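Analysis of the macromolecular model
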Amino acid sequence: MNWKIPLASLEIGEAEREAVEHVLRSGWLSMGETTQKFERAFADFVGVRQAFAVANGTAALHLAVAALGLGPGDFVAVPALTFVASVSAVLYTGAEPLFVEVVGSNDLTLSPENLERRLTPRTRAVLVVHYGGYVCDMGAILAIARRHGLAVIEDAAHAPGAARDGRRAGAFGDVGCFSLFANKNLSTGEGGVVVTDRDDLAERIRLMRSHGMTTSTWDRWQGHAWSYDVVELGFNYRLDEMRAALGLVQLERVEAGNRRRAECAARYRELLAEVRGVTVPFSRYEGTSAHHLFPVLLRDSFTRAHVMEALARDGIQTSIHYPPVHLFQYYRKRFPHFAGTLPVTEDLAGRELTLPLYPSLGERNVETVVAALARALADRG
Ligand SMILES: *Cc1c(COP(=O)(O)O)cnc(C)c1O
């Protein structure tokens, strides 16, 4: 498809090309000095002590769950309204998901009230998702976590730069996870970052990222070490220098990009207030969103299907965030007991529509999308 207005669009410029070329000329391509620089800059950006660059956001989540020592017999509370990776990362360790509802039509993040109601004695952690770039009600979630001794993992894949109550996404919980995938606000193609203020977790994450080895190839190349021991079961979840170089440049762009996304989102809200049959979640949101997504809610799934087709005919790409995880075939078979237990999630997921949003979208395109949406709704009556 050659979309006139795609769902997302990257900003890659001369600075990125130069940064990657510099690495290519340096003679060292795997995790090294540039990665360390990126990690330092990323930790400062989030406002935490430690950051570890990894292969992708899913690896970041897996390392977070694994470093917390979760495994068979443990349950991790997680919203069903998320990308499947939030849940598969839990399953990789042998732990199981405890699906929790989101708040409702004005807030698509995890419901603290529903979380507390569903907790069991075997629930050891909660994995929250800052849906669309909107930080969850972390005050309430951290209070519940303290009361019940839960570890807190943040899936901040949508939320680099998002903030609430004076803190940035990723800096609230025990560990925060970011994705640098091709359509995220800060992108290196593939990539991820794990952040934490806890030294014990940082040490395990550092080891598990690279086979549980006590020294890296980079250390040995520099002559800092001759050999190594293996002290954990680890993985190869390293990032490379080309992507770290891209990440450093993208990190400088992300705040300006988020501001331009915010301007488009504000214009969407203004225009959509006049369109019948559409509601826009997060209307009373109290934080600073990273505006990764612009979700709207329509009357029902039939209207949504009609609208998506009509917009596609106009060259406008839209999407759905998300088909709920517990309804996927694999999850239905493995965890049939969640059937019918998430009515709020199923209702919202059935009528959510994501409109295009990216820094260079611009006011004219926002107007074009809203006009096309209004036309599509009008001819459905
Ligand atoms: C993109 C995304 C991930 C996974 O990140 P990858 O880098 O694609 O592995 C996890 N959770 C959410 C909410 C995401 O949007």
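Our subject is the structure listed above.
Attention in this report is confined to the structure presented alongside it. Keep in mind the model is a prediction, meaning the values are calculated, not measured.

Some details on the layout of surface pockets
- As a volume, the largest pocket reaches approximately 490 Å³.
- Of all the elements in the fold, those that place two or more residues in the lining of the largest pocket are α3 (57–67), α4 (85–92), β10 (175–179) and β13 (352–355).
- Grouping the amino acids of the lining of the largest pocket by side-chain chemistry returns 15 nonpolar, 13 polar and four charged.
- Within the residue set of the lining of the second largest pocket, elements represented by two or more residues are α2 (33–46), β1 (50–54), α7 (199–209) and α8 (217–221).
- A per-class count over the lining of the second largest pocket returns six nonpolar, eight polar and seven charged.

Re unusual backbone geometry
- Look at the link from H321 to Y322: it is a cis peptide, with omega at 5°.
- Within the secondary structure layout, Y322 lies in the loop between α10 (301–313) and α11 (329–334).
- One non-glycine residue, D165, lies in the positive phi region at around 50°.
- Structurally, D165 can be placed in the loop between β8 (163–164) and β9 (167–168).
- For D165, a relative accessible area of 60% puts it in the exposed group.
- Although it is not a glycine, H211 sits at a positive phi angle of roughly 65°.

So, the pairing of β13
- Burial of the side chains of β13 extends over both faces: E352 and T354 are buried on one face and L353 and L355 on the other.
- As paired strands, strand β12 (residues 294–297) and β13 are joined by four bridges and run antiparallel to one another. Residue pairing in the sheet places V296 in a bridge with L353 of β13.

A look at the site of the ligand
- The environment of the ligand is formed by 16 residues, the closest being G57, T58, D155, S179 and K184.
- G57 places a polar main-chain atom, nitrogen or oxygen, 2.7 Å from an oxygen atom of the ligand.
- If the ligand stood free it would expose 380 Å²; the protein chains cover 92% of that surface.
- Structurally, the ligand is housed in the largest pocket.
- No other element matches α3, which puts three residues into the shell around the ligand.

A few points about the sheet that holds strand β6 (residues 123–129)
- Taken together, seven strands build an open sheet; the order of strands is β1-β11-β10-β7-β6-β2-β3 and the sheet is mixed. At either margin of the open sheet sits one strand with a lone partner, and together these are β1 and β3 (96–100). Shown here is a sheet whose adjacent strand axes are inclined to one another by a mean of 20°, direction ignored.
- Pairing geometry for strand β2 (residues 75–79) and β3, over five bridges, is parallel. Across the sheet, the residue bridging to F75 is E96, located in β3.

Section: the packing of aromatic side chains
- All told, the structure shown has 14 aromatic pairs when counted by the stated rule.
- Each ring, one from Y134 and one from F282, has its centre 3.8 Å from the other, and the planes form 0°; the classification is stacked. On the criterion of sequence distance, the pair formed by Y134 in the loop between β6 and α6 (138–148) and F282 in the loop between α9 (241–272) and β12 is long-range, its members being 148 residues apart.
- For Y134, a relative accessible area of 2% puts it in the buried group.
- Among the residues examined, F282 registers a relative accessible area of 4% and is labelled buried.
- Put simply, the rings of F83, Y131, Y134, F282, Y285 and Y322 pair up and form one aromatic cluster.
- The ring of F45 carries R168 above its face, with NZ or CZ at 4.3 Å from the centroid.

The rules behind each value
Residues numbered from 1 in each chain as written. Predicted model: local features only at pLDDT ≥ 70, side-chain atom pairs only at ≥ 80, totals over all residues. Heavy atoms only, no water. 1 Å grid on protein atoms, 1.4 Å probe; cavity = no way out; pocket = protein on both sides within 12 Å on 5 of 7 lines; lining within 4 Å. Points joined across faces, edges and corners; volume = space filled by probe spheres on them. Helix = DSSP H or I, 4+ residues; strand = E, 2+ residues; numbered from the N terminus. Nonpolar A, V, L, I, M, F, W, Y, C, P; charged D, E, K, R; others polar. Buried < 20%, exposed > 50% of the residue type's maximum accessible area, 1.4 Å probe, protein only. Pairing = 2+ DSSP bridges. Near = heavy atom within 4 Å. Polar contact = N/O pair within 3.5 Å; in protein donor to acceptor, adjacent residues only side chain to side chain. Areas by Shrake-Rupley, 256 points an atom, 1.4 Å probe, with all protein chains shown as cover. Sits in = over half its atoms within 2 Å of the grid points. Axes fitted to C-alpha atoms, helices over the stretch in contact; angles between N-to-C directions. Phe/Tyr/Trp six-rings, centres within 6.5 Å; stacked < 30°, edge-to-face > 60°. Lys NZ or Arg CZ within 6 Å of the ring centre and 35° of its normal.

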